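# Geometric and topological summary
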Amino acid sequence: MSIRISYSAASAFERCPLSYRYQYVERIDIEPTPALSFGRSIHSALEWLYDREVPRPPSLQELLEYLESCWDCQGYGDAEEEESYLEHGREILTRFYESNIDDFRLPVAVEHRFELDMDGYLLTGVIDRVDRNADGGYEIIDYKTNRRLPDLNRLREDLQLPIYQMACLETWGVNPGKLTYYYLLPNQRYATRAYDSNGLARVRKRLDSVIEAIEKGEFESRPNRLCPWCSYRDICPDRAEGNSEREKLRRRHSSLLKRRDGLERVIRELEEEMRDRGISDNGSSDT
């Protein structure tokens, strides 16, 4: 059976293979959180706003009423916290509506699900929105409800939008000219040009490397800046204080083992070549 991989899964593996194993191999449930439920609710409301048959948008009041009807109430500590998030959601959608409604047009696709055969594994995902702009070019838009804006250098290395670009090429034969992250809290867009063939080849190589490591079962922990927010922090072997020194030793040991394996492979190849040429271990020829 082919491995199924999505942007979220590949990103999780690159960030921490052990976290990937917990979520996608062992399938340990993640407790619902306000951030996850809030994000799902906002995405559902925006899907409803754009997923219609005629290019006539609903009113702002209708949008806010729909937010309440699709609201995901899981994970909130109490009614006060939930109401605070709901009010925040109303504010975000109001700003979004006021900024975008004058240019409202029907998208090419909304919440488009895709599955690409990558010659050995399946690449899956859901694209929030694909627009055809006034100039005739296509734009992929992905909504973000992060509280903090990302570092731009890290954003340029992100796999998500180039994966979606690959999906547009495969699904419709369309190569979008613009890839956009829409950060809803500050109501700010980060738009970049689409990847060229070399850029997409590098993305494919990264995905292939992830699949190769998964198939080999390489699920080591990889402490990083997001560890304090990890859903599996309580069961992670590296969570306890004082583990930084242990992690260094473990990493060194793992590195030495890989070097040893590499050297042993090279030695075997040399020995085979020496046998083929009739060369003995002491450097003399057997012939």
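Residues numbered from 1 in each chain as written. Predicted model: local features only at pLDDT ≥ 70, side-chain atom pairs only at ≥ 80, totals over all residues. Heavy atoms only, no water.

### Some remarks on the nonpolar core
- Ranked by internal contacts, the top residues of the largest apolar core, which has 36 residues, are Ile5, Phe114, Leu123, Ile127, Ile163, Leu207 and Ile214.
- Within the residue set of this core, elements represented by two or more residues are β1 (3-6), α1 (7-15), β2 (109-117), β3 (121-132), α7 (160-172), β5 (178-183) and α8 (197-216).
- In terms of residues, this core owes the most to one element, α8, which gives seven residues.
- Apart from residues no more than four positions distant in its own chain, Phe114 is found in contact with Leu123, Thr124, Gly125, Val126, Ile127, Ile163, Tyr164 and Ala167.
- Listed in part, the 26 residues of the second largest apolar core include Tyr85, Leu86, Tyr143 and Leu185. (Core = buried A, V, L, I, M, F, W, Y, C linked by side-chain atoms within 4.5 Å. Buried < 20%, exposed > 50% of the residue type's maximum accessible area, 1.4 Å probe, protein only. Helix = DSSP H or I, 4+ residues; strand = E, 2+ residues; numbered from the N terminus. Contact = heavy atoms within 4.5 Å.)

### Comments concerning the packing of α7 against α8
- At their nearest, the axes of α7 and α8 sit 10 Å apart, and the two run at 110° to each other. It follows that α7 is roughly perpendicular to α8 by the angle criterion. Where α7 approaches α8, its residues Pro162, Ile163, Gln165, Met166 and Leu169 are matched on the opposing element by Leu200, Val203 and Leu207.
- For the contact of α7 with α8, the per-class residue count stands at seven nonpolar, one polar and no charged. (Axes fitted to C-alpha atoms, helices over the stretch in contact; angles between N-to-C directions. Parallel < 35°, antiparallel > 145°, perpendicular 65-115°, else oblique. Nonpolar A, V, L, I, M, F, W, Y, C, P; charged D, E, K, R; others polar.)

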